[in-house]
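Chain residues, written in single-letter form:
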Protein chains: 6
Amino acid sequence: MKRIAIYPGSFDPITLGHVDIISRALPLFDELYICISNSSKKTYLFSLEERKQLLIDNFSDTKKVKTMVNAGLTVDAARSVDAKFIVRGIRTNMDAEYEKSMDVMNKALNNDIETIFLFANPTLSSISSSLVKEVALLKGDVSSFVPKNVAQALKTKMG
Amino acid sequence: MKRIAIYPGSFDPITLGHVDIISRALPLFDELYICISNSSKKTYLFSLEERKQLLIDNFSDTKKVKTMVNAGLTVDAARSVDAKFIVRGIRTNMDAEYEKSMDVMNKALNNDIETIFLFANPTLSSISSSLVKEVALLKGDVSSFVPKNVAQALKTKMG
Amino acid sequence: MKRIAIYPGSFDPITLGHVDIISRALPLFDELYICISNSSKKTYLFSLEERKQLLIDNFSDTKKVKTMVNAGLTVDAARSVDAKFIVRGIRTNMDAEYEKSMDVMNKALNNDIETIFLFANPTLSSISSSLVKEVALLKGDVSSFVPKNVAQALKTKMG
Amino acid sequence: MKRIAIYPGSFDPITLGHVDIISRALPLFDELYICISNSSKKTYLFSLEERKQLLIDNFSDTKKVKTMVNAGLTVDAARSVDAKFIVRGIRTNMDAEYEKSMDVMNKALNNDIETIFLFANPTLSSISSSLVKEVALLKGDVSSFVPKNVAQALKTKMG
Amino acid sequence: MKRIAIYPGSFDPITLGHVDIISRALPLFDELYICISNSSKKTYLFSLEERKQLLIDNFSDTKKVKTMVNAGLTVDAARSVDAKFIVRGIRTNMDAEYEKSMDVMNKALNNDIETIFLFANPTLSSISSSLVKEVALLKGDVSSFVPKNVAQALKTKMG
Amino acid sequence: MKRIAIYPGSFDPITLGHVDIISRALPLFDELYICISNSSKKTYLFSLEERKQLLIDNFSDTKKVKTMVNAGLTVDAARSVDAKFIVRGIRTNMDAEYEKSMDVMNKALNNDIETIFLFANPTLSSISSSLVKEVALLKGDVSSFVPKNVAQALKTKMG
């Protein structure tokens, strides 16, 4: 039986932290869906289509990585692709607390799905999409925080 | 002399976590006021009247439990009902840090009032009003997180 | 019905942090037992008799405060004096985590007994019995961390 | 290619927390080695043979679960059974910090091996082997914290 | 060579916590720039000019303290005044996590600039500008949290 | 007036984490004393003379770095060399809590001395002297955690 997982997030935009977690989680699974959250209540810097494209460009040579879009519960997204696993990275202790709460909540909503955690590489644990956007907005160099295509896209976006 | 406490919160809506803290705190006091915060600066899903009714329905057989509304400082609300104690639940470490700061602040504002803490039951510590609303909005089943009347009200509200 | 609590600890020796928690918890209860842990597996600087005497001297004018000795489970000590409550102070986040675990454990052992927490006064939250002993051993002045009788006893002890 | 993992620990003795992590991690792997740490520098309540037997009894019907003994580095133990993964449970924030440090250390020692984390079930997150032994020593009832065979063994051990 | 530092913040308004950090950091440096963040994306209670004046009034007799305004990256602000150091206070553990991330990010942006941390005085560690504003809005007495000129300004502002 | 600091620790043995903190703190001071704690109550792997030599070898070309030995209070050691500052590195949140307590304690013992904190470089924040010794004992390669001379000394020591 195939082991399938989803890796949920906003990916607005994808960072080297995300890339690292995906690469390290891949050997555990036969298929890994990058599950792009898209909520009508949130404002994104990059459109859904842009976020998806920036993602795909970084995993074009890995057939096991796929993408999907989710506007509902994470556990429902997992079920929709027969995934029994959710993958999450933990960057800080505050992250850990939040993730623990979501884990319990998700278990209550669907006990058949297990969330698997990886700690962020320490050199990448300070990077978040929102911090990257803030730095880019202030004309800081984000090239050590995001993949090349994202650095380029941020430059274009911020003008 | 009567021991009187207030249990402040937004209760938008009340969860099983709140119900648990209230039930466990009750034996300590002769009167316990559930003190509903109502700020003109905040947006609530449920109106003040709805929040109050959803609360009362769960404590109708406990005469020691009363309700009150507060739009000012918590310590002033306590003083207004002769309460010498504030009750708060702690769900996570982040909660603990925030509560510790509020405790010090409240002591500075009124040194006669003591805040008493209970740790959330571990099965309920992942439940917050905001998480419950988010799940309900995404059509998730919240019946294990909130009292029956709230689950019903959320269903009506979310349509 | 009387509200009775125990405040368990080693009190080797009692610090101003302990005194503060006891004083602030007192209005909640009709009787408060300072419950001195005495384990044959631990080494104490002060004997049980000394620890008890150093405690009593600080609460001689408060009839509600009593002392007891415990070599068993905390919940059994509580039950032995008809106490329905355990009082604990929280100094740091690490404290909070440990206390949360003990709270859950104690609830599993005896669900009738509730543990009530107070945050340490911030000016006292760095004081622990072990740190006080370490400072006293290195000839530091501990008079701002412990009651006068303890400061004197430490001086005698450390020579 | 088989996915093989080790789950390292002292298991002195195995608790329901361990059992839960093993059960939840199993679907991820084709083989899971419970890797019993045995250091000549540590004192154990149960002998290596006892710890192993208490473990095995709980997984006798699961062929994927195996046991091994380790007195060296965890990454070397993993390599010795061709495991590319280490499984660890996280109970508290303090746990999380320690595990993060060990994760980084293990990556530095062998970058081919990935550590996968699961959060403890909240009802079990207060249970540790050492706490269980302490409660058993004080004649507390540990039957809700450990498997039946361990509860029996503790009773025998503690007399 | 002169040792120059910046102390960045919004200072909306300056609190006794800020004053304490500045006073304690001063002996380390020959010049200390209070660096007022001013972002077009944020809403402030006090205008830039008001925030600056409220600051200056408290350090009029200390020639080493200067003020500057920053709408860009903190490391760029530091470089603009030849500062090799950034000073930051840490109030809580959550603060510490955030500051650690910013530290790593700033090092990635400019490795020549070092951030120096001081822990907040425990009696002041619960005070933040936002909490002070909230209390003032609810007509609470903030005189023990902020300098006199700020207390007066808040009273005028809140009416 | 000279700015003098001490950097206290056991340095049993010095790690790359210590070396990093010392290098980054140096520009702040005119003299920096590495203050080697030596307590008759502790057991060290390396003798005081060995620890000192392993330290010195790494700072032989930096005249600002000096060494001293301390068996008493840290604030007394600082005063003995006219140091107004103590330097400490913070590796984890647990570190931060401990350091905050020691900071408050030291301020109570001598209010004229200020403790300055640097966060550990994230690639080094998992390294502690005790973890290094544990890995070396189990024949792991510690060359990426300690200076060359220490790696050699550990190899000799562990046999």
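Residues numbered from 1 in each chain as written. Chains lettered and ligands numbered in written order. Predicted model: local features only at pLDDT ≥ 70, side-chain atom pairs only at ≥ 80, totals over all residues. Heavy atoms only, no water.

A. Structural view of the interface of chain E and chain B. Every contact between the two is made by 14 residues of chain E and, on the other side, 13 residues of chain B. Summed over both partners, the interface of chain E with chain B comes to about 1100 Å²; 73% of that surface belongs to carbon and sulfur atoms. Counting the surface chain E buries against chain B, the share from its top three residues, Met94, Ser126 and Leu138 of chain E, is 41%. Summed over the shared surface of chain E and chain B, the number is 0 salt bridges. Applying the counting criterion to the chain E and chain B interface returns 3 residue pairs in polar contact (both at pLDDT 80 or more). Counting only elements with at least two residues in the side of chain E that touches chain B, the list comes to α4 (93-109) and α5 (129-137) of chain E. With 3 residues, α5 of chain E is the single largest residue contributor to the side of chain E that touches chain B. (Contact = heavy atoms within 4.5 Å. Buried area = accessible area lost by both parts, 1.4 Å probe. Salt bridge = Lys/Arg side-chain N within 4 Å of Asp/Glu carboxyl O. Polar contact = N/O pair within 3.5 Å; in protein donor to acceptor, adjacent residues only side chain to side chain. Helix = DSSP H or I, 4+ residues; strand = E, 2+ residues; numbered from the N terminus.)

B. Spotlight on helix α5 (residues 129-137) of chain F. If you check which residues of α5 of chain F are buried, you get Ser129, Leu131, Val132, Val135 and Ala136 of chain F. Seen from one end, α5 of chain F has its buried residues packed into an arc of 160 degrees, which puts them on one side. Close packing links the buried residues of α5 of chain F with α4 (93-109) of chain D together with α1 (16-25) and α6 (148-158) of chain F. With its phi angle positive at about 65 degrees, lysine 139 of chain F sits one or two positions after the end of α5 of chain F. (Buried < 20%, exposed > 50% of the residue type's maximum accessible area, 1.4 Å probe, protein only. Arc of directions from axis to C-beta.)

C. Local environment of the relation of the copies chain A and chain D. Mapping chain A onto chain D calls for a rotation angle of 180 degrees and an axial translation of 0.0 Å; the resulting RMSD is 0.0 Å. Here the transformation between the copies is reduced to the relation of a two-fold axis. Residues of chain A ranked by C-alpha distance from the rotation axis are headed by phenylalanine 117 of chain A, positioned 2.4 Å from it. A symmetric contact is evident, with 100% of the interface residues of chain A recurring at the interface of chain D. (Least-squares fit on C-alpha atoms with pLDDT ≥ 70 in both.)

D. Structural view of the side chain of asparagine 110 of chain A. All names here are of chain A. With respect to the secondary-structure elements, asparagine 110 resides in the loop between α4 (93-109) and β5 (114-119). Given a relative accessible area of 11%, asparagine 110 falls into the buried group. Beyond its immediate sequence surroundings of up to four residues, asparagine 110 is in contact with Val75 and Arg79.

E. The arrangement of the packing of aromatic side chains in detail. Overall, the coordinates contain 18 aromatic pairs over all chains when judged by the stated rule. Between tyrosine 7 of chain E and phenylalanine 11 of chain E, the aromatic rings sit 5.5 Å apart at their centres with planes inclined by 55 degrees, giving tilted as the arrangement. Over the ring of tyrosine 44 of chain A we find arginine 51 of chain A; its NZ or CZ atom is 3.7 Å from the centre of that ring. (Phe/Tyr/Trp six-rings, centres within 6.5 Å; stacked < 30°, edge-to-face > 60°. Lys NZ or Arg CZ within 6 Å of the ring centre and 35° of its normal.)

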